[in-house]
Amino acid sequence: MDQSGVLLWVKAEPFIVGALQVPPPSKFSLHYLRKISTYVRTRATEGAYPRLYWSTWRHIACGKLQLAKDLAWLYFEIFDSLAVKTPEERLEWSEILSNCMSEDEVEKQRNQLSVNTLQFLLFLYIQQLNKVSLRTSLIGEEWPSPRNRSQSPEKSSCHNKNWNDYSHQAFVCDHLSDLLELLLDPEQLTASFHSTHSSLVSREAVVALSFLIEGTVSRARKIYPLHELALWQPLHAESGFSRISKTFSFYKLEAWLRACLTGNPFGTSACLKSGKKLAWAHQVEGTTKRAKIACNTHVAPKMHRMVVMSQVYKQTLAKSSDTLVGAHVKIHRCNESFIYLLSPLRSVTIEKCRNSTFILGPVQTALHLHSCDNVKVIAVCHRLSISSTAGCIFHILTPTRPLILSGNQAVTFAPFHTHYPMLEDHMARTGLATVPNYWDNPMIVCRENCNTSVFQLLPPCEFYVFIIPFEMEGDTTEIPGGLPSAYQKALGQREQKIQIWQKTVKEARLTKDQRKQFQVLVENKFYEWLINTGHRQQLDSLVPPAAGSKQAAG
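None of the values given here were measured: they were computed from a predicted structure. (Residues numbered from 1 in each chain as written. Predicted model: local features only at pLDDT ≥ 70, side-chain atom pairs only at ≥ 80, totals over all residues. Heavy atoms only, no water.)

Every second residue of strand E16 (residues 357-360) is oriented toward a common face, with Thr357 and Ile359 on one face and Phe358 and Leu360 on the other, all of them buried. In this sheet, E16 lies alongside strand E14 (residues 338-341) in parallel orientation, the contact comprising 4 bridges. Each residue of the ladder has a partner; that of Ile339, found in E16, is Phe358. (Buried < 20%, exposed > 50% of the residue type's maximum accessible area, 1.4 Å probe, protein only. Helix = DSSP H or I, 4+ residues; strand = E, 2+ residues; numbered from the N terminus. Pairing = 2+ DSSP bridges.)

Here is the structure:
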């Protein structure tokens, strides 16, 4: 079989969801990862290889790499969240955690968890994607705006890499020898941890590499993990597999990978270039900005779906659509808009958006915001992380601690405060439960001296529930998990004030003319309030546009 029929590409999800948008700990360098790779094999009987247990990783990370335990758990948990699991398994884990009465009990449960050792090493290595090089931190990748000047050199040198499939491909190609050497058995390496011409790669190592690479044969629709293609009999000569030793030749395997690696047909660039354009947004009169929304869901298999939207301006966009189900969503440069995406989503990245509100269906993996100003996000998500945001508010329900990365100012966290009819059904489909809920316990992960003054919890006196103004089928009629008591109490007190006010008006026994006059006064005050708070625009944008530019169903 001619090897030109094989196409391999670097998977997007490990980078979109798995590479944390922050420079990695210095101890995740290749030098230390090689040491760990050798160490785990000598501790195979102690829960280190081929599965790495949390207790062993904690010992390595805290004892040998000097990482804080929270950080060690963070990387372990992010990797574990990428594993293929049923929603039922995820819900079961949430239930186990919510029944723990102490930190010790939580730790006992974590000790039962294990991950694929070799894939975890690759996962730690790809954190280098967001390593700040001295060159880009000095020159920067874009002209510094006044807003960025106050930030550290970490500012935004990396944040587009997570969604840039060219960066993923370049990263794997540039570091392919290192990635393969990291997977070699120690006896296949020289004393300085390098491969030789005769080094052999185990079958397990190639299975592990399937975490990052997949492909197809002769442009067939079916996608195969790397190891299935490498082990396919007609390809043995090219991939360097020996049926006798059941191993691959290092240099032949590397040459075959380099020859076959190509652009990801389901990556962001393919989606933007040849994806289906969606007419979900209308053009606002008097603006030159053109809303662009593209998706690849008509061609992409389940785990590769993507929706990219940019430049939605001054409007309300609301969708609950099969196009969104299980998709990685990127929202870019949206301004003064209200965006409702009420479907179960795989991941969401919101970047360079301003003065907008985003109401999202449950996000199964990561919700990340970067370089956003004055944005409100309302979501149930597995994980929230934020970087370079200013004046943003997050109403969230999440089973993991929100991550405050670098460059944030005036962050507010608040309880999740809305519902729509299909919400609980969508939560069940994504494996997200109402407990545990760490919305109010963020973790600061950045190199600069971030202190806790960077965030606040919303004062209960400023808390209101959010009403989703659309009719849909479904059974959810209240906020999942309810509200924390302080916020419930604040709502109760406000309700009481309204009742007292109504009673006062009733007891005033106004004449018909006085009532009319009074009503005009109240309505004028209310109208003034709508304009001052910006709610007027929100109400106006709920009115459907003229028939000629109706939002298309998608």
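Next up on the list: the environment of Ser239. Relative to the assigned elements, Ser239 resides in helix H14 (residues 236-239). We classify Ser239 as buried; its relative accessible area is 0%. For the pair formed by Ser239 and Ala255, sequence separation is 16 residues and the distance between their alpha carbons is 8.2 Å. Discounting residues that sit within four places of it in the chain, Ser239 has contacts with Ala230, Phe248, Lys252, Leu253 and Trp256. Within polar-contact distance, the side chain of Ser239 engages the backbone oxygen of Ala230 at 2.8 Å. (Contact = heavy atoms within 4.5 Å. Polar contact = N/O pair within 3.5 Å; in protein donor to acceptor, adjacent residues only side chain to side chain.)

Right, let's get into helix H6 (residues 103-110). Residues of H6 that are buried include every one of Val106, Glu107 and Arg110, and no others. One face of H6 carries all of its buried residues, which in axial projection span an arc of 100°. Turned more than 90 degrees away from the buried face of H6, the exposed residues are Asp104 and Lys108. On its buried side, H6 packs onto helix H3 (54-64), helix H4 (69-82) and helix H5 (87-98). (Arc of directions from axis to C-beta.)

What follows concerns the sheet that holds strand E4 (residues 200-202). The 3 strands are arranged E4-E8-E7 in an open sheet whose pairing can be described as antiparallel. Each having just a single partner strand, E4 and strand E7 (241-242) make up the two edges of the open sheet. One ladder, built from 2 bridges, connects E7 with strand E8 (residues 247-249); its direction is antiparallel. If you follow Ser242 over to E8, its bridge partner there is Thr247.

What follows concerns the packing of aromatic side chains. All told, the structure shown has 21 aromatic pairs when counted by the stated rule. Ring geometry for Phe394 against Phe413: centres 5.9 Å apart, planes inclined by 35°, an arrangement best described as tilted. In this pair, Phe394 is assigned in strand E19 (residues 393-397) and Phe413 in strand E21 (residues 411-415), connecting sequence segments 19 residues apart. Owing to a relative accessible area of 1%, Phe413 belongs among the buried residues under this scheme. One aromatic cluster is present, built from ring pairs that chain together Trp54, Trp57, Trp73, Phe76, Phe79, Phe120, Phe123 and Phe211. Directly above the aromatic system of Trp73 lies the positively charged group of Arg110, at a separation of 3.9 Å from the ring centroid. Cation over ring: Arg494 sits above Tyr464, and NZ or CZ is 3.8 Å from the ring centre. (Phe/Tyr/Trp six-rings, centres within 6.5 Å; stacked < 30°, edge-to-face > 60°. Lys NZ or Arg CZ within 6 Å of the ring centre and 35° of its normal.)

Helix length check: helix H18 (residues 485-507), at 23 residues, gives a terminal C-alpha distance of 33 Å against a target of 33 Å (1.5 Å per residue), a fit within 8%. Restricting attention to buried positions, one finds in H18 the residues Tyr487, Ala490, Leu491 and Arg494. Lining the buried residues of H18 we find E21 and strand E23 (455-457). Phi for Arg509, located one or two positions after H18, is positive at around 45°. (Expected span 1.5 Å × (residues − 1).)

This paragraph deals with unusual backbone geometry. Each neighbour pair has its own omega, and for Tyr49 with Pro50 the value is 0°, a cis peptide bond. Considering the arrangement of structural elements, one finds Pro50 in the loop between helix H2 (30-42) and strand E2 (51-53). Residues Val435 and Pro436 are joined by a peptide bond in cis, for which omega reads -5°. At Gln311, a position not held by glycine, the phi torsion is positive, near 60°. Positive phi, close to 50°, is recorded for Ser388, a residue that is not glycine. Looking at the element boundaries, Ser388 is found in the loop between strand E18 (376-387) and E19. Looking at Ser388, the relative accessible area reads 3%, which means it is buried.

The next thing to look at is the environment of Trp93. Inspection of the secondary structure puts Trp93 in helix H5. Separated by 16 residues in the primary sequence, Trp93 and Gln109 place their C-alpha atoms 9.1 Å from one another. What Trp93 contacts, discounting residues up to four positions off in sequence, is Gln109, Arg110 and Leu113.

This next bit is on the pattern of salt bridges. As enumerated under the stated definition, the model contains 15 salt bridges in all. Residue Asp70 pairs with Arg401 through a salt bridge whose shortest N-O separation is 3.1 Å. Placement of Asp70 in helix H4 and of Arg401 in the loop between E19 and strand E20 (403-404) is noted, with a sequence separation of 331 residues between them. When its relative accessible area of 42% is taken as the criterion, Asp70 is described as partly exposed. (Salt bridge = Lys/Arg side-chain N within 4 Å of Asp/Glu carboxyl O.)

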